[in-house]
Amino acid sequence: MWNWIHRLASPKRFYHFAGSASRWFGIAALLFGLPGLYLALFNSPPDYQQGESVRIMYVHVPAAWLSMFVYVNMAAAATVGMVWRIKVASAVAHASAPIGAWFTFLALVTGSLWGKPMWGTWWIWDARLTSELILLFLYLGYIALQNAIEDRDTAARATAVLALVGVVNIPIIHYSVEWWNTLHQGATVTKLDRPSIHWSMLVPLLMMAISFTALYAAVVLRRVRCEILDREQRSGWVRELAGKS
Amino acid sequence: MNPIRKNRLILAGVIVVGVGIAAALALVALSENINLFYSPSQVVAGEAPRDHTFRLGGLVEEGSVSRDPDSLVVQFGVTDGAESMIIYHRGILPDLFREGQGIVAQGRIGDDGRFMADEVLAKHDENYMPPEVEHALETARSLGVTDQKTER
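### Describing the confidence of the model for chain B
Residues and elements named next belong to chain B.
Okay, so step 1: Chain-level statistics for chain B give a pLDDT mean of 85 and a share of 94% at 70 or above.
Okay, so step 2: Counting interchain partners and residues more than four positions distant, the pLDDT-below-50 stretch residues 148–152 has eleven contacts.
Okay, so step 3: What the predictor reports for the complex is a pTM of 0.88 with an ipTM of 0.81.

### Some points on the packing of aromatic side chains
Residues and elements named next belong to chain A.
Okay, so step 1: Enumeration over the complete set of coordinates arrives at 13 aromatic pairs over all chains.
Okay, so step 2: Relative to tryptophan 237, the ring of tyrosine 15 lies with its centre 5.5 Å away and its plane at 55 degrees, an arrangement referred to as tilted. Here tyrosine 15 is found in helix α2 (residues 11–41), whereas its partner tryptophan 237 is found in helix α9 (residues 236–244), with 222 residues between them in sequence.
Okay, so step 3: Pairing tryptophan 123 with tryptophan 125 gives two aromatic rings, centres 5.4 Å apart and planes at 80 degrees, and the pair type is edge-to-face.
Okay, so step 4: By relative accessible area, tryptophan 125 is classed as exposed at 56%.
Okay, so step 5: One aromatic cluster is present, built from ring pairs that chain together Tyr175, Trp179 and Trp180.

### Observations concerning a nonpolar patch on the surface
Residues and elements named next belong to chain A.
Okay, so step 1: Taken together, the side chains of Met1, Trp2, Trp4, Ile5 and Phe17 present a nonpolar region at the surface, about 620 Å² in accessible area.
Okay, so step 2: Of all the elements, helix α1 (residues 2–8) adds the most residues to the nonpolar patch, at three residues.
Okay, so step 3: Residue placement: methionine 1 occurs in the segment before α1.

Reading the values: the criteria
Residue numbers run consecutively from 1 along every chain, following the written order of its sequence. The order in which chains are written sets their letters, starting at A; the order in which ligands are written sets their numbers, starting at 1. Local features in this predicted model are restricted to residues of pLDDT 70 or higher, and side-chain atom pairs are both shown and tallied only at a pLDDT of 80 or more, whereas totals for entire chains, interfaces and linings draw on every residue. Only hydrogens and water are set aside when side-chain values are computed; all heavy atoms of the structure are taken into account. pLDDT measures the predictor's confidence residue by residue and takes values from 0 up to 100. Between two residues, a contact is recorded if the distance between any of their heavy atoms is within 4.5 Å. Side-chain rings of Phe, Tyr and Trp (the six-membered ring for Trp) are treated as a pair once their centres are within 6.5 Å; stacked means planes under 30 degrees apart, edge-to-face means over 60, and tilted covers the remaining angles. Each helix is a run of DSSP H or I of at least 4 residues and each strand a run of E of at least 2, with the numbering of both proceeding from the N terminus. The classification of residues rests on relative accessible area computed with a 1.4 Å probe and restricted to protein chains. Under 20% of the type maximum is buried, over 50% is exposed, and intermediate values are partly exposed. Here, patches come from residues exposed beyond 30% relative accessible area and free of salt bridges, joined within 9 Å for like charges and within 5 Å for nonpolar side chains (Val, Leu, Ile, Met, Phe, Trp, Tyr). Using a 1.4 Å probe, the Shrake-Rupley method yields the accessible areas, and only the shown protein chains count as cover for residues. Every case where a carboxyl oxygen of Asp or Glu lies within 4 Å of a side-chain nitrogen of Lys or Arg is listed as a salt bridge.

Structure, rendered in structure tokens:
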């Protein structure tokens, strides 16, 4: 296992591994996403209180989950890159940031569109919404810092520290609805008790969540491939690859 | 593990723990301000500001909603189980507004002790179910069957 991971740390191997893995994750995203979307939009019941508006949940909740999952993943990869100086890990962290930022943006926008008809307001400065907005700023700050530093390795070290500092925000987002009183309701699926969502709504929700996760994996691997080619453009194998096609 | 890597790993740990402690202290110090609304009990205990606007949250009391037939004026009680307050509002209420629903109102306390709300927002709970299931639960409750999971 360790051996396999060690060999994957070589850019050339990772490049080829990422190519096929990305394809499979992309297929998985479609396999779960298309039926998931059909169930969510056409074949799931309206909510007893919210009626048809509840269908926004099937995009909003997976996007919000992914916004946090991508951040944790990005911080973990950045730490591995910082401690062991593994360039592929730094590339994964770098490639994750824009994807995470878009998921956060999607969660905020769909949440706002959901908030107007249900709560009566587009936005409120409660703890959940504010901490999610801070997450978007963390992503944007990470991207800006990465772009501001010319040298790749210096940039990787500086952004890893920023990513680690921002990790503190993740538990705050998750527990914000328990620690303080907010307009946003509490957790439904991830609470320790039984999830308080009917299975006919939980199934499409989980399918969408799996699809979003697979989509993230597919896109991040593709972006890492591009970054590896860019980093290794002077090396023999990349020249060979470029000459071949 | 070689000592340089070990040091870097410790550094990473120190960053996370240090920032975590700093954030926890800041949030504990600010907790009063992070809470979105005051409950009726807090208002009765005098914790809410008397001279400027604040938010009041609670459940709409059953049977307390009275509407003026000629205008948008509506008056209702909110409770947190212990204390309750009367809210007076002129405007359009959100679709989710109903008796027993959680709401958050923004406004100030008037001279007569009523809460004059400029804005009323509805909270919804974390339960999602089809209308038929809600109907079945309602029927079961009226027949005297109590289910811990669905009790709210």
